[in-house]
Amino acid sequence: MNGRTSHGLLLCIETSCDDTSAALVRDRDVLASIVSSQHELHAEFGGIVPEVASRRHTELLNDVVAEALATAGVGLDDLEGVAVTIGPGLIGALLVGLAAAKTFAWQRRLPLVPVDHLQGHIAANYAADGRSVATPPFLCLVVSGGHTLLARVDAGVEYRIVGRTVDDAAGEAFDKGARLLGLPYPGGRELDRLAGDGDPSSVDFPLALPGELDFSFSGLKTALLYHLRGLSDSEVASRRADIAAAYQDAIVRQLVGKVVRCAEREGMRNVAVAGGVAANSGLRRALGEACAERGLALHLPAPALCTDNAAMVGLAAACLPAIPWPEYLALDAYAAAALAERA
Ligand code: KG4
Ligand code: ZN
């Protein structure tokens, strides 16, 4: 759909992975956004346990919705619609959010807007939060725990994939690297923090060269593994920040290089980023410099809108059609990237 649709005040729900989130959004205004992270719960397993995530969503969701309503100063009777992520993600986790969304909407005979998770991430660039708002057409680097792709966004949240990872996602590369460095789960943010104290030129990690606009990170992870194996425990301990900085730099160089090449090839002058890895300080800095050098306009969403949140679901909903009451009762969630795969 081209342009925007006004659905009025939306209760928005996002439970695709390990963050339980609810938001109140009216068009491009985010009135409240609450994220209850399950990171500590999954840390002891070193990764997300899907069944544990689903159960935790059921425990947290009502409180998270109540807190979002209270923060926005509105009640359930003020709602004009409900928006919810229906995929891709962990199927059990998605179904918790979808069941809750249907219940809130059905009870009050409200319309429901189903939202694709990647379209949600892209729509984070549309928040009216005092920053400039991205204007299509733009090239969007989508970098999360499950996806790494270059998308041409021509209108609203409609996109066409022009490049993607051939193996791991950038977020996986961060999380696996962090794990090898002994950092707690989820490692991306911890590695980012540690890298801030290190020297990126301390280790010469290889730059992968897959197809022109594609990405590859699995070789980098192996290079880190072998580098660490060649060091004693005390050497690893004393050089951890330098190694983290060099590893992050290798990921960032690949991402920025492909963005620049893609912008040139597609003739795009506007660039945006989306997804959890878009919160990375090294990526934000390097992309800022690369775009400035080439006269490209860069839009960076606030870091809290890059990692999973329900506000982005409402921002995407503003570009999507609603399903009227009660036609959405049979609506299902999907685990795999139905929309992303169509390109
Ligand atoms: O978008 P997101 O919250 O969830 C998915 O849809 O996957 O992305 C999560 C990913 C994780 O791999 C996490 O480690 C990474 O984003 N991440 C970061 C940072 N913050 C989150 N990676 C690097 N630096 C960060 N500051
Ligand atoms: Zn995500």
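For clarity, every value in this text was computed on a predicted model and none was experimentally measured. (Residues numbered from 1 in each chain as written. Chains lettered and ligands numbered in written order. Predicted model: local features only at pLDDT ≥ 70, side-chain atom pairs only at ≥ 80, totals over all residues. Heavy atoms only, no water.)

S.K.: Can you walk me through the overall build of the chain in this structure?
M.R.: Counting secondary structure elements, the chain contains 11 helices and 10 strands. Here the C-alpha atoms of the chain give a radius of gyration of 20 Å, agreeing with the 20 Å that 2.2 N^0.38 yields for 343 residues. Its C-alpha atoms give the chain principal-axis dimensions of roughly 60 × 45 × 35 Å. Of all 343 residues assigned to the chain, the portion counted as buried reaches 53%. Relative to all contacts within the chain whose residues are 6 or more apart in sequence, the contacts with residues 24 or more apart total 75%. Total accessible area on the chain is roughly 14000 Å²; 51% of this is exposed by carbon and sulfur atoms. The centroid of the 29 positive side-chain charges in the chain is displaced by 4 Å from the centroid of its 41 negative side-chain charges. (Helix = DSSP H or I, 4+ residues; strand = E, 2+ residues; numbered from the N terminus. Rg over C-alpha atoms; globule rule 2.2 N^0.38 Å. Buried < 20%, exposed > 50% of the residue type's maximum accessible area, 1.4 Å probe, protein only. Contact = heavy atoms within 4.5 Å. Areas by Shrake-Rupley, 256 points an atom, 1.4 Å probe, with all protein chains shown as cover. Lys, Arg positive; Asp, Glu negative; His and termini not counted. Charge placed at Lys NZ, Arg CZ, Asp CG, Glu CD.)

S.K.: Is there a simple way to think about the sheet that holds strand 4 (residues 81–87) in this case?
M.R.: One key point about sheets: their strands pair by backbone hydrogen bonds, in either a parallel or an antiparallel sense. Within the open sheet, the five strands sit side by side as 3-2-1-4-5. Their pairing is mixed. Edge strands, defined here as strands with exactly one partner in the open sheet, are strand 3 (29–37) and strand 5 (112–116). Going across the sheet, the axis of each strand differs from the next one's by a mean of 20°, ignoring polarity. By the bridge criterion, five bridges tie strand 4 to strand 5 in an arrangement that is parallel. Residue pairing across strands places alanine 83 opposite valine 113, the latter belonging to strand 5. Seen against the sheet, helix 2 (residues 50–72) touches strand 1 (9–14), strand 2 (19–26) and strand 3 and runs at an angle of roughly 30° to strand 2. The strands touched by helix 3 (residues 91–107) within the sheet are strand 1, strand 4 and strand 5, with strand 4 carrying the most contacts at an inclination of about 160°. (Pairing = 2+ DSSP bridges. Axes fitted to C-alpha atoms, helices over the stretch in contact; angles between N-to-C directions.)

S.K.: Just checking my understanding: could you explain the confidence of the model for the chain for this structure?
M.R.: Do not read the predicted coordinates in detail wherever pLDDT is low. Predicted confidence across the chain gives a mean pLDDT of 94, with 97% of residues reaching 70 or more. The low-confidence segment residues 339–343, where pLDDT is below 50, has 12 contacts with residues more than four positions distant or belonging to other chains. (pLDDT = per-residue confidence, 0-100.)

S.K.: Please clarify how the environment of alanine 286 should be interpreted in this entry.
M.R.: With respect to the element layout, alanine 286 can be found in helix 9 (residues 281–294). Each C-alpha atom of the pair alanine 286 and glutamate 190 lies 19 Å from the other, and the pair is 96 residues apart in sequence. Those residues in contact with alanine 286 that lie beyond four places of it in its chain are Val252 and Val256.

S.K.: Hey, could you run me through the site of ligand 1 in this one?
M.R.: Contacts to ligand 1 come from 19 residues, most closely from Gly145, Asp175, Asp192, Asn280 and Asp308. Taking aspartate 192, its side chain carries an N or O atom lying 2.9 Å from a nitrogen atom of ligand 1. Glycine 276 is positioned such that a nitrogen or oxygen atom in its backbone is 3.0 Å from an oxygen atom of ligand 1. Protein chains shield 88% of the accessible area of ligand 1, which is 550 Å² for the free molecule. Taken together, the elements giving at least two residues each to the shell around ligand 1 come down to helix 4 (117–123), helix 5 (170–180) and helix 6 (187–195). In the shell around ligand 1, the residues fall into four nonpolar, 11 polar and four charged. Taken domain by domain, the shell around ligand 1 gets at least three of its residues from each of domain 1 (9–129 + 305–339) and domain 2 (138–300). (Near = heavy atom within 4 Å. Polar contact = N/O pair within 3.5 Å; in protein donor to acceptor, adjacent residues only side chain to side chain. Nonpolar A, V, L, I, M, F, W, Y, C, P; charged D, E, K, R; others polar. Domains from an automatic or database assignment.)

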